[in-house]
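Each chain, letter by letter, is given below.
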Amino acid sequence: CDWSSDVCSSDLFDRYEPSVYAEKVAAILKVEIPYYISMDIKNFAKIVDLFNGIKIFIANPVELLDPDNLILLPSGNLVLDGAKTIAYMEHDDELLSDVEYISRRQKIIQSLFTQFDVYDNLLDSKEFASYLRSYISTNLKKDAFLSFFGIFSKLDTERIVFQRVLGTTRLVGE
């Protein structure tokens with residue numbers, strides 16, 4: 001899926017109306033999927049900025065060449081703003097395996113969950129939650145949305161264990 005376009009190449013996932021995608025996945029898995037939460041990459045960056053960036057450890061320095069600018073990320077513990085988080089997350093390093101690339105994305109999400117805990121007082125605010133909701137497409141009712149994000153403030157992110165699904169990527173039928 002190209003995050004810069006409005007619709008993925010399969011034309012199945014429209015980020016502005018993810019209910020069609022949820023219905024298709026529900027039919028394939030033969031389970032009910034009553035709710036969805038979706039956001040585009042630009043809004044993900046804005047959410048990272050709402051929580052004053054994410055804290056992440058980068059083992060080796062990264063040089064990101066963007067058509068508009070050059071981003072240099074030194075090695076060590078860093079706080080990345082939304083734009084740098086996206087640039088780092090999308091950076092295609094040919095030395096990284098698929099597993100390491102996925103791990104990078106998981107660490108970014110884990111760090112964002114940690115920020116939810118740090119700013120749990122914001123998540124308890126209905127005004128802030130309404131502002132946060134403006135960046136997210138969901139069919140959750142307002143109270144359910146508040147409850148859902150309120151749970152994140154109670155997560156012990158140090159105990160999260162990510163499971164990776166390994167295998168070979170291949171295209172099946174056109």
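Up top is the structure.
This write-up is about the structure you can find in this document. Remember, predicted model here, so these are calculated numbers, not experimental data.

**Quick look at a negative patch on the surface**
On the surface, a cluster of negative charge is contributed by Asp117, Asp120, Asp124, Asp156 and Glu158. Mapped onto the elements, aspartate 124 comes out in the loop between helix H5 (120-123) and helix H6 (126-133). What makes aspartate 124 exposed here is its relative accessible area of 55%.

**As for helix H1 (residues 19-29)**
Residues of H1 that are buried: Ser19, Ala22 and Ala26. Mapping the buried residues of H1 onto a view down its axis gives an arc of 55°, with all of them on the same face. What points out from H1, more than 90 degrees from its buried face, is the exposed set Ala27 and Ile28. Following H1 by one or two positions, lysine 30 has its phi on the positive side, about 60°.

**A word on the nonpolar core**
Judged by nonpolar contacts, the single largest core of 32 residues is most densely connected at Phe51, Leu73, Tyr88, Leu112, Phe116, Leu132 and Phe149. Take this core: its biggest share by element is 6 residues, from helix H2 (residues 41-50).

**Examining the packing of H2 against helix H3 (residues 82-90)**
To describe two helices that pack against each other, one gives the angle between their axes and the distance between the axes. Two elements in contact, H2 and H3, have axes whose closest approach is 7 Å; the angle formed by their N-to-C orientations is 130°. The pairing of H2 with H3 is recorded here as oblique in orientation. In the crossing of H2 with H3, the sense of the turn from one axis to the other is right-handed. Here Ile41, Phe44, Ala45, Val48 and Asp49 of H2 lie close against H3, whose contacting residues are Gly82, Ala83, Thr85, Ile86, Met89 and Glu90. The residue makeup of the contact of H2 with H3, split by class, is 7 nonpolar, 2 polar and 2 charged.

**Section: the packing of aromatic side chains**
One pass over the full model with this rule turns up 8 aromatic pairs. Taking 5.5 Å as the distance between ring centres and 85° as the angle between the ring planes, the aromatic pair formed by phenylalanine 51 and phenylalanine 128 counts as edge-to-face. Of the two residues, phenylalanine 51 sits in the loop between H2 and strand S2 (54-58) while phenylalanine 128 sits in helix H6, which places them 77 residues apart along the sequence. Comparing phenylalanine 51 with phenylalanine 128, the two get one shared label, buried. Centre to centre, the rings of tyrosine 131 and tyrosine 135 are 5.5 Å apart; their planes meet at 80°, and the pair counts as edge-to-face. What makes tyrosine 131 partly exposed here is its relative accessible area of 44%.

Criteria and cut-off values
- Residues numbered from 1 in each chain as written.
- Predicted model: local features only at pLDDT ≥ 70, side-chain atom pairs only at ≥ 80, totals over all residues.
- Heavy atoms only, no water.
- Patch = residues over 30% accessible without salt bridge, like charges linked within 9 Å, V, L, I, M, F, W, Y side chains within 5 Å.
- Areas by Shrake-Rupley, 256 points an atom, 1.4 Å probe, with all protein chains shown as cover.
- Salt bridge = Lys/Arg side-chain N within 4 Å of Asp/Glu carboxyl O.
- Lys, Arg positive; Asp, Glu negative; His and termini not counted.
- Charge placed at Lys NZ, Arg CZ, Asp CG, Glu CD.
- Helix = DSSP H or I, 4+ residues; strand = E, 2+ residues; numbered from the N terminus.
- Buried < 20%, exposed > 50% of the residue type's maximum accessible area, 1.4 Å probe, protein only.
- Arc of directions from axis to C-beta.
- Core = buried A, V, L, I, M, F, W, Y, C linked by side-chain atoms within 4.5 Å.
- Axes fitted to C-alpha atoms, helices over the stretch in contact; angles between N-to-C directions.
- Parallel < 35°, antiparallel > 145°, perpendicular 65-115°, else oblique.
- Left-handed = near helix turned anticlockwise from the far one by under 90°.
- Contact = heavy atoms within 4.5 Å.
- Nonpolar A, V, L, I, M, F, W, Y, C, P; charged D, E, K, R; others polar.
- Phe/Tyr/Trp six-rings, centres within 6.5 Å; stacked < 30°, edge-to-face > 60°.

Remember that the coordinates give geometry; whether it matters functionally is a separate question.
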